[in-house]
Each structure stands twice: as C-alpha cells, then as structure tokens.
Amino acid sequence: MAAPEGSGLGEDARLDQETAQWLRWDKNSLTLEAVKRLIAEGNKEELRKCFGARMEFGTAGLRAAMGPGISRMNDLTIIQTTQGFCRYLEKQFSDLKQKGIVISFDARAHPSSGGSSRRFARLAATTFISQGIPVYLFSDITPTPFVPFTVSHLKLCAGIMITASHNPKQDNGYKVYWDNGAQIISPHDKGISQAIEENLEPWPQAWDDSLIDSSPLLHNPSASINNDYFEDLKKYCFHSVNRETKVKFVHTSVHGVGHSFVQSAFKAFDLVPPEAVPEQKDPDPEFPTVKYPNPEEGKGVLTLSFALADKTKARIVLANDPDADRLAVAEKQDSGEWRVFSGNELGALLGWWLFTSWKEKNQDRSALKDTYMLSSTVSSKILRAIALKEGFHFEETLTGFKWMGNRAKQLIDQGKTVLFAFEEAIGYMCCPFVLDKDGVSAAVISAELASFLATKNLSLSQQLKAIYVEYGYHITKASYFICHDQETIKKLFENLRNYDGKNNYPKACGKFEISAIRDLTTGYDDSQPDKKAVLPTSKSSQMITFTFANGGVATMRTSGTEPKIKYYAELCAPPGNSDPEQLKKELNELVSAIEEHFFQPQKYNLQPKAD
C-alpha cells in the first residue's frame, strides 16, 4: 500500500510509524506480543499484511479477519472505530445523551488474538459510556435483526451489531444502524471514516471495561426486547390452524445464534417447535461441521439437516445463517429428493403469501394504492408481475438491504404499507418492524405458509408452480467469476461501454438482441426519455443491466466485499402455462452467450465459480 498522500513517508518508514504507535496504544497482551514478535523476527511481509492499510469503514461498516494490526479486527481497532463513531454521532444528534444507542453481538471468537464479538461489544459500550452516553447492551448473543428492532422500538440514535454473518470463522465485523432503524447509507460512511482517523489515540478509560458494570448508563434490554419482538411478531400470524398442523420441520442455526429465537418464534405462532439439528444448534465459533457457515452454499451446509429430517419424517428444512438474518428453505419432493429453494423462489412464495394474507384482512381495494413491495435490482422481478396483476406498487432499489430498509422507512413515514422486501441472497423483510432482513420472522412465516398449504394438500413446490402459472414464469440463474485484479475488471466493463470502438454499448449478445441498457456506474439509462438513470449511481462500483428482446434481463456487477464479478440473469414470461423446460433452455443459452461475449474469461483470465 502506498503511504498516505502528502505524508512524505516511504512505505517502510510509514510501517515503522504505525507499529511504534501500536506498541504505545495496544493493551491486549496477545495482539501486542504478536506484533512485538513480528518486529523482532523482521517479518516485513506479515507486518505489511497487518499494517498495510486501515480497514475501510463502508456502508456495511467493517468486515475483516481478527488478529493484530490496523488491517484486522481487534480490541484496539474496535476502540478506534467506536471513538470515531461516537464523535460523529455527537455531531449529528443533540439528544444523544438522552436517547443513547444499542449494541449486540454474535458468538464469534478468535482465541489466538483474544478477540471475540462479546469482548468487542463491551469495549464499544465502554467508549460510549465514558462519554456519558447511555448504552443498551444485550447481555447475551442475539440475531442481527434485534439491533434494528431495538433502535426503532426504543427510539435510539444508532445501533451496532458485532458480527461477520456467514463469513469464514476467522472474520468479524461491525455493522451500523442509523436512528431510522435501517443500515447507514452514504454520506454517513464517509463521515464516520473521517471521524475514526481523527480519534485514533485511545481515550483515558478506553480499556477499562469493568467500569461499565456499575454505571447507571448501562442498560440490559434482553428480557424486554425478547418479549416485545415476539409480541410484535404475533401480528403476522394469520391463521389459527397452526396447532393442528401435521407438517414437521427441522431447523439448523449452523453453529450460530438462531436456535432459541426460532424456537420462541414457533411458540408465538402456536406451532410445534422444529426439531433442531443437535450437532449445529449450539453456538460454536469453530463452525466444525461445515466448510462455509453459509446456507446460501446449498446442500453441503444442509447435509445434517436432511439426515435428521429423513429420520424424523420431516418434510421441510429451515436453515439460518450464523447471525440469523438470512434463511434457506428446503422441501422433500415426492421423488425423495430434497429441493433447496433459491432466494428468488422463496421471495416469490413469501411475497404471494404476505399479499394473500393481507388481502383477506383488507377487502377494500382502495387500500392497494398505498401498498408496496420492494426488491433489489438483481433479484427476480416476480413481485413486479404480482403487483401489476393485483394492483399494488412494486419498487426496485439498488443491491443490499440498506437501500430497501431506508426506502421502506420513507414509504412508512408517508403513511404507506410496506408488505414485503427481499433480495436474492436469501434475505427477507416480512415484518416492517425490522427494517432489515430477518431470518427469524422469515423462518416462522415460511412454516405457517407450509402449514396452511398442507391443509389444501399442496406443497411449497406446487404453490410456487401455481404462482408462476398465474403471474408468469420467472426463471433465474446467477453465478460469478473470480478476478483479483481491479485493472482487469475495469477493462472488462470499459470494453462493454465501448463495444464497437466508438463509445457504444453492444446491440446484441451472440444471437440475443438487446432492447435496453442501464449503467449505474455512469448513470446512463436508454429507456428513460433523458437517458439518465433513476436509481442512484456509484462511480466506485461497476454495474450494467441489459434487457433483451426475448424478455430476458441480465445484470453484471462487481462485489463490494469479494474479488468477484457477479451476474444475475432472468427470463420473465407473460402469465399463462408456458413451458418451463423450454424457458430454462433459453435462459441457459443466454447465460452462455453472456459468459462468452461479455465476460470473455480466456481474454481476461477469469476463474469460474468452483462447483
């Protein structure tokens, strides 16, 4: 990494300066000794990894490996980050000392550096309390959605969740919510980032976390929030048939926080609690039974769940990721095979269910004009098709729940009803009292949907087919290529913007004619009268959407957190009983053409996704 501009320091001198500062400030004996050892060994390569560049604070907060140095999550970088966040909040809210903030954490731990989510949460609480700011610190692990719920419910200024969600075990993260109960969006990330740089030296009481236990500013919201969340959740229980249901469920929390919360959610809905996968139900920061603790990875993570379901004759598996904000659902088919629903398929099912249940309660058609559903621009357009036919509003946002949460809050403040929001990465907001994805509410609402369908002798798969017949088949396919070189990625996208050498986008992709193009990096959209995109644009990330004459839509984008170029393709057919197999074949041909002509993996030396 280059030295900061204007510092006049070479890389080695800057490294020496950073490590000298670290030795003065770090009071965690494990990370301090690790840095001393690297210096004594003259291990420049490892020192560069630890001190190359400070973790960047973005709209998703921080996410990095735990360990020593400014590039890692550890006691000192948590203190520095929280000091910056605290100063930024003091500037933004004159009533911060009256209202306060909420902090919670997952079960991650990294014994070799002494870091853990619980420890990081206590240090963050210490920072705020030392400045006279009330802190609602959960006494034990919670799902991530409990933080945005608490911000809204107790009308606080902000929330912090210490979690790395479904990342590998060595990682941790620091996720931030604003006073509206949604994740932060720009320019707050830049403001916080700057404030961190201005507050790097630990304040006098920064390390003394024992002070908070006797402080009148420390509140433990665990019992009251646990009660209030499930009381609010009951309002989304639409049927009284639950107690009689014959449908059996298996649940896995994949060594994360979800177990007891999903059990409570089922009780709130009068459902028999699901069988928990015993090897995965208790929190374990080692995630010993899975390669990646991410239910999005599909069947590998669900092997133990399927085995337990086969044993207990359960037909449906519900899987949360380790911080319980995402949900995967699988259903046993008549053939004996397990079908894992994609995020888009479960989005279709939940969207249909929440609309159908709402419509039963709201017979007045005039209410439809104030009713909304949202999804991100790379997710299936199935909600748009349902909205068109049923008469409610559908809006798409940029990728990520920070956009859907903030937009939902704007709509709610205008007196609108937001029924549902989802993204293809198995994230669902079924209850707008949490303005973020919530895997706990999604799990129990999916269970009630399955129980209701069973009374009509229907499976989830059969209902999904019925939705597609009624509103039009929406077939999706998404994947990615790996590319570690930013310059190559830039070249690939610039080639698409200058496809014929004359600053024009492509007019076709192989045999598939292109009917519209939207480029959210440059702000171009040729379907708009003024050719300007309606959604916000970002020069720092690449994202182009192609609409095809055959009803196909494909988006290519870079990932904010991984060295990937992702693509999302969908074929939308009009309502009526189309031939899904033919549509799948056409979509596969379209995807192959995109890979061959637009990605050009040989030319750019891209690695395909490993199967």
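Above this text you will find the structure in question.
Cut-offs used in this document
- Residues numbered from 1 in each chain as written.
- Predicted model: local features only at pLDDT ≥ 70, side-chain atom pairs only at ≥ 80, totals over all residues.
- Heavy atoms only, no water.
- Phe/Tyr/Trp six-rings, centres within 6.5 Å; stacked < 30°, edge-to-face > 60°.
- Helix = DSSP H or I, 4+ residues; strand = E, 2+ residues; numbered from the N terminus.
- Buried < 20%, exposed > 50% of the residue type's maximum accessible area, 1.4 Å probe, protein only.
- Lys NZ or Arg CZ within 6 Å of the ring centre and 35° of its normal.
- Axes fitted to C-alpha atoms, helices over the stretch in contact; angles between N-to-C directions.
- Parallel < 35°, antiparallel > 145°, perpendicular 65-115°, else oblique.
- Left-handed = near helix turned anticlockwise from the far one by under 90°.
- Contact = heavy atoms within 4.5 Å.
- Pairing = 2+ DSSP bridges.

Caption draft 1: Summary view of the packing of aromatic side chains. Per the stated rule, a full pass over the model turns up 28 aromatic pairs. Where phenylalanine 85 meets phenylalanine 128, the ring centres are 6.2 Å apart and the plane angle is 90 degrees; that geometry is what we call edge-to-face. With phenylalanine 85 in helix H4 (residues 75-92) and phenylalanine 128 in helix H6 (residues 117-130), the pair connects residues that are 43 residues apart, well separated along the chain. Taken individually, phenylalanine 85 and phenylalanine 128 each receive the classification buried, so the pair is uniform in this respect. An aromatic cluster of at least three residues, connected via ring pairs, comprises Phe146, Phe149, Tyr229, Phe230, Tyr236, Phe261 and Phe433. Positioned over the ring face of tyrosine 471 is lysine 389, at 5.7 Å from the centre of the ring. For lysine 564, the ring lying beneath its charged end belongs to tyrosine 480, and the centroid distance is 4.0 Å.

Caption draft 2: Structural view of the packing of H4 against H6. Closest axis-to-axis distance for the H4/H6 pair is 9 Å, and the angle between their directions is 40 degrees. Considering the angle they form, H4 stands oblique to H6. For H4 against H6, the interelement crossing comes out right-handed. Judged by residue contacts, Asp75, Ile78, Ile79, Thr82, Gln83, Phe85, Cys86 and Leu89 of H4 engage Arg119, Phe120, Leu123, Ala124, Thr127 and Phe128 from H6.

Caption draft 3: Up close: the sheet that holds strand E16 (residues 417-423). Taken in spatial order, the four strands of this open sheet run E15-E14-E16-E17, and their pairing is mixed. The open sheet has two free edges, formed respectively by strand E15 (393-397) and strand E17 (427-429), since each of these has just one partner strand. Strand-to-strand twist in this sheet, taken as the mean axis angle between neighbours without regard to direction, amounts to 15 degrees. Of the strand pairs in this sheet, strand E14 (residues 371-376) and E16 are connected by five bridges, and their pairing is parallel. Note on E16: the bridge partner recorded for methionine 373 is phenylalanine 420.

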